[in-house]
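# Residue-level structural notes
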Amino acid sequence: MTTDNPRPVSAASIAEWHDSADVVVAGYGIAGVSAAVEAARSGAQVLILERTSGWGGAAALAGGFVYLGGGTPLQRALGFEDTVENMEKFLLAAVGPGADEAKIADYCRGSLEHYDWLVGNGVPFREALWDEPGWEPPHDEGLAYSGGENAAPFNTVATPAPRGHVPQMRDKRTGEQGGGYMLMKPLAETAEALGVRVAYDVRLSRLIVDGERVVGVLARRYGQDIAVRADLGLVLATGGFAYSERMVADHAPQLIGRPGAAIEEHDGAGILAATAFGAATAHMDATEVAFFGDPQLLARGILVNAQGQRYVTEDTYPGRIGQATLFHQGNQAFLVIDEQAHEEALATVTATPVFRVPPTWAAETVAELESDMGLPELALQTTVTLYNTYAAQGRDPLFGKKPQWLRPLTGAVAAFDLRGATAGFPLGGLRTDLDSRVLHVSGEPIPGLFAAGRCTAGICTGGYVSGASLGDGSFYGRRAGRAAAKEAAR
């Protein structure tokens, strides 16, 4: 957690400027590199300040989903029809209460051009679909369902279409070097070719202001304070606050004690520096929640709570399962599955083999399993009887699980103890407009200050879809770079 004083300092108090550029970008993840590329192409001299010793940020460690739709060339090549209106309808239903309708509409309308921009900058997408349950494709497939588009209730709200676009990468290692690395690498190479300068091991601490305008940043490098002037604009791309214990406790207490599902540099420094100058925030309580269960197993079994009752459709996006578990079930969950389904799931390929652990309990009958799990008598038995009755009919009127995963649970059964099997990261951050200008609490843009990525409140305001962070981070990173550099071309 940052302990720096985040209050802005006056430009008049700066005795020496250690560096300067037309546009200064704080952070070299997906939002920062996208801002740098567009600012440089707009004619600005660009300097990136990165607190670690290399580019990438959380993006380079991510699975790599970029949420795009509306009929991208990849979607069309694989036989999927999608429209901007269909994509917008789904997102408005999926991203949670308080959806920013203007931002979602803007993002959907720009999705096709953004796909072309990524490809034009060397990001590769293989024309192959992964349509099995999973957190991400285990191979180098370029397209997958990444937000529950083909699961209830969303498959009745909008026509299902896969929108998780994954950069092609062979021999990827989830959490170490995945599709996100192949998103970042060509963009970093593009920035370098455009003459973008980078200063590593530089950590933002405070904004430097001249009246109501942001004119630079005070940072620390190797224990020394340095002042960097931004002649046209400063872009914050510093990530979220998953690793700020204080901010999590203040704004998203559901995540207290949960693994961050981010990187340690996401300590809220950029958010604190901007809010200390009056910047507004939005949806600081919203969180994405990962669920540490294997989706192939989940789809074939039933998830029950501490009362032995189902509470969610098991074949939906795992992030939605995570939210339902943490927010509405007290983080209590058990997966119940029979022997046949267990064997079928283990025969599939997964990108997350770490989740394939032996079951916690196994029994010859549901009654025995119920007793072993310590559930109330008849609770699980009643749930399984009801599930089996409808599964035999090929339907699930309670939660809408797709027929392909419906089969009565019979014979020997087992259960996985998934209590506490969640982690998450905050979705809220600085409030920005469609040009990525940071808004003051008054509602007016703060002159000279722009932001994109996880330090902002993006298109997800509660619910989440995989690919939204890399998607709107790169999309609005580009906007930030162009807006900050707009005076350079004059």
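Refer to the structure presented above.
For clarity, every value in this text was computed on a predicted model and none was experimentally measured.

Across the 8 residues of strand S2 (residues 19-26), 6 count as buried, placing the element largely inside the fold. Bridge count between S2 and strand S11 (residues 224-236): 7 bridges; the pairing is parallel. Residue pairing in the sheet places Ala26 in a bridge with Leu236 of S11. What joins S2 to strand S3 (residues 46-50) is helix H1 (residues 30-41), and the crossover it makes is right-handed.

Once that is clear, we can look at the sheet that holds strand S16 (residues 361-363). Read from one edge of the open sheet, 4 strands run S14-S15-S17-S16, paired in antiparallel fashion. What marks the edges here is a single partner per strand, and that holds for strand S14 (302-304) and S16. Within the sheet, the average angular offset between the axes of one strand and its neighbour, ignoring direction, is 20°. As judged from the 5 bridges shared by strand S15 (residues 334-338) and strand S17 (residues 413-417), these two strands associate in the antiparallel manner. When the bridges of S17 are listed, Ile337 appears paired with Ala414. Across the sheet, helix H11 (residues 339-346) touches S15 and S17, and the angle it forms with S15 is around 100°.

The subject of this paragraph is helix H14 (residues 468-485). An α-helix turns once every 3.6 residues. As a result, residues three or four positions apart point the same way. When the terminal C-alpha atoms of H14 are compared, their 25 Å separation across 18 residues agrees well with the 26 Å that a helix rising 1.5 Å per residue should span. A large share of H14 lies buried, amounting to 17 of its 18 residues.

Once that is clear, we can look at the packing of H1 against H14. Between two packed helices, both the angle of their axes relative to each other and the distance between the axes serve to describe the pair. Here H1 crosses H14 at 35°, and the two axes come no closer than 7 Å. Crossing geometry of H1 relative to H14 is assigned as right-handed. Residue-level inspection shows Ile30, Ala31, Ser34, Ala35, Glu38 and Ala39 of H1 in contact with H14, the latter providing Leu470, Gly473, Ser474, Gly477, Arg478, Gly481, Arg482 and Ala485. Partitioned by chemical class, the residues of the contact of H1 with H14 number 6 nonpolar, 5 polar and 3 charged.

What counts and what doesn't
- The numbers attached to residues start from 1 for each chain and follow its sequence in the written order.
- Confidence filtering applies because this is a predicted model: local features only for residues at pLDDT of at least 70, side-chain atom pairs given and counted only at 80 or more, and all residues used for totals across whole chains, interfaces and linings.
- Only hydrogens and water are set aside; all other atoms, that is, all heavy atoms of the structure, feed into the side-chain values.
- For every residue, the accessible area (1.4 Å probe, protein chains only) is compared with the maximum for its type, and the residue is labelled buried under 20%, exposed over 50%, or partly exposed between those bounds.
- The way it works is that DSSP assigns letters per residue, a run of H or I at least four long becomes a helix, a run of E at least two long becomes a strand, and they are numbered from the N terminus.
- For two strands to be treated as a pair, DSSP must find no fewer than two bridges joining them.
- With strands facing away from the observer, any crossover in which the path from the first strand over the helix to the second runs clockwise is taken as right-handed.
- Axes here refer to lines fitted to C-alpha atoms; in helices the fit is confined to the stretch in contact. Angles between the N-to-C directions go from 0 to 180 degrees.
- Contacts are assigned to residue pairs that have any heavy atoms within 4.5 Å of one another.
- Each residue after the first adds 1.5 Å to the expected span of a helix.
- Two helices cross in a left-handed way if the nearer one is turned anticlockwise from the farther one by less than a right angle. They cross in a right-handed way if the turn is clockwise.
- All amino acids are sorted into three groups, where Ala, Val, Leu, Ile, Met, Phe, Trp, Tyr, Cys and Pro are nonpolar, Asp, Glu, Lys and Arg are charged, and the leftover types, Gly among them, are polar.

Function-wise, these values are silent; they only describe arrangement.
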